[in-house]
Every structure is written in C-alpha cells, then in structure tokens.
Protein chains: 2
Amino acid sequence: MRTISLTAINGIPMIKAGDNLAALIAGGLEHTGLKLENGDILVVCQKVVSKAEGRVLDLREIEPSEFAKALAQRWEKDPRAVEVVLRQTNRIVRNDHGVIIVETGPGWVCANAGVDESNSLEDDRAILLPEDPDASARSLRDELRRRFGVSVAVLITDTFGRPWRDGLTEVCLGIAGMNPMLDLRGTTDLGGRELHHTVVAIADEIACAAGLLMEKAGATPAVVLRGYQYEPYEGSAKVLIRPPEADLFR
Amino acid sequence: MRTISLTAINGIPMIKAGDNLAALIAGGLEHTGLKLENGDILVVCQKVVSKAEGRVLDLREIEPSEFAKALAQRWEKDPRAVEVVLRQTNRIVRNDHGVIIVETGPGWVCANAGVDESNSLEDDRAILLPEDPDASARSLRDELRRRFGVSVAVLITDTFGRPWRDGLTEVCLGIAGMNPMLDLRGTTDLGGRELHHTVVAIADEIACAAGLLMEKAGATPAVVLRGYQYEPYEGSAKVLIRPPEADLFR
C-alpha cells in the first residue's frame, strides 16, 4: 500500500526569543515518542520560528505614522498594529472592507503582511514573519541532522486567506531539502497526451496536510510527514510566489 | 500519538459514462487491501466522477459562437473548447495572457470553468465539472454505506490554480458527511485571547493532503484519509465559495 502518515509533535513549550527551537522540537519528538527517519518532512508553523528568532514587537514602542493613523481610524483598528503592517509592506494590493492585502518585502502577498497579534505571550505584542524563512528551515534541518544523523526536509508554514474561496489554509513560506514544486510537464496522461500546465505546489499541499493536525490555539506547532517520496533538493519557497507579470490579481 | 494516514486506492480502471463508480472504488479498495472503517474520509478526484456521470462533450459536435471564435483567435485556442468554457460560465472575472478566469453556474471561480481537455479517453473530448458535486459525494457515501455498512465522509476534488501563488493545488468541490469548515471563533489562544478570524477550510486542506498521493496522470483517482477527527455533518462544499460581496478580487 502506498501510504503517507502525519504525526503531531506534542510537548513543545511556549517559545520565547532566543530559544533553541531545534532543541525544543527534539524534546517534543522524544515526548511524542517519534524518532526522525531519513526522508521525513518536518513541518513547523511560522509563529514558533518567529518567536524563537525574536521577531516580536512591543506595540507600546511603535509610533504610528499619519497614514497608519488614518487607515486605523477608517477601519477601526489599532494604529500601532497598522504601522507595524505598513513597515513590512512594499505595496498595498487592495485595501477595502477593513482588509489590507499587501506585498511584503520578500514578495509574499497576504493580509496584514502576515503580522499576527494572537498567540503572543503578552498583550501589546505583534509577531512578524521570519526574516528569511528558507534560512530558518535550513538552520532547523542542519541542526536536526547534527543531532540525530538524519536527513529530513523542513517546511515553515503560515495560515493565509485567499481570494475566491472562504476559510484559511496553510501555505509554505520557507523550505529546506526538497523542491516546493512538482513539475509534471512533459509527462503524459493516460490517453498518451502531454500534460502542459501541470506544476503542482506540493509544498503548499504538504502545509495543508500538516495544518489538519496543527491546532490553531498553538498547541501543535510541528508535524512530521512520513512516507512522501521526494528527491533531495536545495531550493527556496519563493518560487511559490506567482511572478507579478503572470498574476492577474495584483 | 496523534497520527493521520492517507492511502492511495489503486486498481480503479479507466472510467466511462454510466460506470458504477462506487462499485469500481469498492474493487479498488479490495485490490489495495484496504477495508473502509467508520470515520474514514474518501477523497475522489472530480475527473472520474464527471466521466462516470457522462459529463463529457464531443468537441466535434460543438458549434462555437462568434465570441468564442474571437477569443480563440486572440489567444490561439480551439474555438470549440472556448465555446464549452463559455457555456459553463456566468461571468468572466478576468481574461488576459490567454487565461480565462470565470464564475461558473454554481459559483466556483476558476480557470476555464474547470473544463478539462486532458485525460479523456479519446481526443476531441472535453470533461466538465460534475453538475452537483455535493450530490455526487452523497451518492458515493450512501452507496458505500450500503455496500460495507460503514459511515464515511466523501470529498470530490479538483486541481485549481490561484492568484498570488504559483503552482496548482487541490480544492474541494463536493462534500458529504462532514463540515468543510472548522470554525474556531470563540476559542482562545494560549495567551487566553479570543481567536476572531479563524475559520479553517479543512475540506481544502484534506483535498491537498490527498493530492500528495493523486498522480496527475490519473492513476490514483481516490485516496482514503484515516484518523482525522470530525463530527458527522450534512453540508455543502459551496460554503467554500467566498461570497462575492466579501471578495476583493472579482
């Protein structure tokens, strides 16, 4: 039988700036009773990565600009939180109904620049996306290899909304050890015809699969996917960003 | 350990109009050596559902309209295929770069109205989406209950592109036996604050998880997800369509 399995990693404590995330995940694996194997894929939610990397701002230290104040007043938001979003923003894609969809510095298109006000340990905190999620993934991958002598792939994921479809789903923001895309162009279908437009965003599909086990309250920040076949590959999750010139919706 | 597993169902033959899909999936389960259990979630790709339901058009019988001919000439497409897309379309959302993004009759927003020209048994065929994917899912669910005496949920999925992010992912078009949304509003995060905007499109996450095992060449049209906890629920996948008034991108 061709089977893949996903296991929730429990026992990872609340993360704070400077924590060694790989060590805490290793502790979680032990607590869960799961031993990493070669070829496993470790999926880690962005929030614990950002916290460990100290990507947390104290809103009390943020001085909102006039524009941030105007936006906040228009949509009844916290002007300091809007200021934090704007500081992560290269371009506003759409701003209506109280929603701010932006392009972030690295190019992600998402609401509020991915800035999160929930799940911080104290109030008045905003959590930013990791500065370089690919680097965060590589660092975890390397540290797990050192610790356990196994080669795994690592994905850093976040929960985004999307146009046209309601509800949030997980997406991949950083990757190490595997290709985020599965390119089936040139292969043929069962009728013998070439498949032309079939590039599958498997990193986002893996993110969603892991999302089924990641409780939104933050109790399960990491999941191990076992049994999914992939070739080792050094790449970047940034190929998941649709190039602006091929994107009809920004 | 909290683990979920996904298993590819092999041994399902090429489907043709009038086939009893539930019977062929039952044969596939036997071939695979997997016995359905209460609470399993069966994920079936749209294409085999559409074929079994006879949702296949012979392009040689399609007379393209003047508009279809104009579009086809502008973008170097088959005017008959464009005509088929237009007949499934209520509104064109965007038409540029050779891409036609539409709202279909039931409300799905997708490229080419979900009409597929690959994987048909012969050339000159176009496969439409099922007329009522929820009904298709209910029918499969009921037939499997009769056959095996088990209560499972059934999802019908397709492969769609999306704005902002490159690559295709699986989405849910039809559902029976479970709620496509997981509504976490009113629950609290680890800091004790209420989660306000957290409605997770778990049906799309399950579709993506199954997509990891569905080969694009069509050899694996069905996957069983086991171990995912859900409450029995009678609903419709149409709640996954973002209401137009809350959608900033159409």
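Residues numbered from 1 in each chain as written. Chains lettered and ligands numbered in written order. Predicted model: local features only at pLDDT ≥ 70, side-chain atom pairs only at ≥ 80, totals over all residues.

1. Considering the interface of chain B and chain A
In this complex, chain B contributes 67 residues to the contact, which on the side of chain A involves 67 residues. Only β1 (3-9), β4 (89-96), β5 (99-104), β9 (169-176), β11 (199-200) and α6 (202-211) of chain B provide two or more residues apiece to the side of chain B that touches chain A. Broken down by element, the residue count for the side of chain B that touches chain A peaks at 7 residues, all from α6(B). Class assignment for the residues of the side of chain B that touches chain A results in 35 nonpolar, 17 polar and 15 charged. The pairing of strand β1 (residues 3-9) of chain A with β1(B) spans 5 bridges and is classified as antiparallel. In the strand pairing of β1(B), Ser5(A) is matched with Ser5(B). (Contact = placed C-beta atoms within 7 Å. Helix = DSSP H or I, 4+ residues; strand = E, 2+ residues; numbered from the N terminus. Nonpolar A, V, L, I, M, F, W, Y, C, P; charged D, E, K, R; others polar. Pairing = 2+ DSSP bridges.)

2. Let's talk about the domain arrangement of chain A
All names here are of chain A. The assigned domain composition of chain A is domain 1 (5-55 + 129-244) and domain 2 (57-126). The C-alpha centroid of domain 2 is placed 25 Å from the C-alpha centroid of domain 1. With 11 residues of domain 1 in contact, the opposing surface of domain 2 contributes 10 residues. Here the side of domain 1 that touches domain 2 is built from residues that sort into 5 nonpolar, 2 polar and 4 charged. (Domains from an automatic or database assignment.)

3. Some details on the environment of Ile25(A)
Residue and element names in this part refer to chain A. Within the secondary structure layout, Ile25 lies in helix α1 (residues 21-32). Sequence separation between Ile25 and Val171 is 146 residues, and the spatial gap between their C-alpha atoms is 20 Å. Residues in contact with Ile25, not counting those within four places in the same chain, are Ile9, Ile12 and Ala222.

4. What to know about the packing of helix α3 (residues 66-75) of chain B against helix α4 (residues 79-87) of chain B
Residues and elements named next belong to chain B. Contact pair α3 / α4: the axes reach a minimum separation of 8 Å and the direction vectors enclose 120°. When the axis of α3 is compared with that of α4, the two are oblique. Crossing handedness for the pair α3 and α4: right-handed. On the side of α3, the interface is formed by Phe67, Ala68, Lys69, Leu71 and Ala72, while α4 contributes Pro79, Val82, Glu83 and Leu86. (Axes fitted to C-alpha atoms, helices over the stretch in contact; angles between N-to-C directions. Parallel < 35°, antiparallel > 145°, perpendicular 65-115°, else oblique. Left-handed = near helix turned anticlockwise from the far one by under 90°.)

5. Quick notes on the sheet that holds strand β6 (residues 109-111) of chain B
Whenever strands of a sheet pair, they do so through backbone hydrogen bonds, lying parallel or antiparallel. Residue and element names in this part refer to chain B. The sheet built from 3 strands is open, its strands ordered β4-β5-β6 with antiparallel pairing. The sheet is open, and its two borders are formed by β4 and β6, each paired with just one other strand. Strand-to-strand twist of the sheet, defined as the mean angle between neighbouring strand axes without regard to direction, takes the value 25°. Two elements, β4 and β5, share 6 bridges in a ladder whose sense is antiparallel. When the sheet's bridge partners are listed, Arg94 is paired in β5 with Ile101.

6. Concerning the nonpolar core
Of all hydrophobic cores here, the largest spans 151 residues; its most connected members are Leu155(A) and Leu155(B). Apart from residues no more than four positions distant in its own chain, Leu155(A) is found in contact with Ile41(A), Val43(A), Ala137(A), Cys172(A), Ile175(A), Ala203(A), Ile206(A) and Ala207(A). (Core = buried A, V, L, I, M, F, W, Y, C linked by C-beta atoms within 7 Å. Buried ≥ 20, exposed ≤ 12 C-beta atoms within 10 Å, placed from the backbone.)

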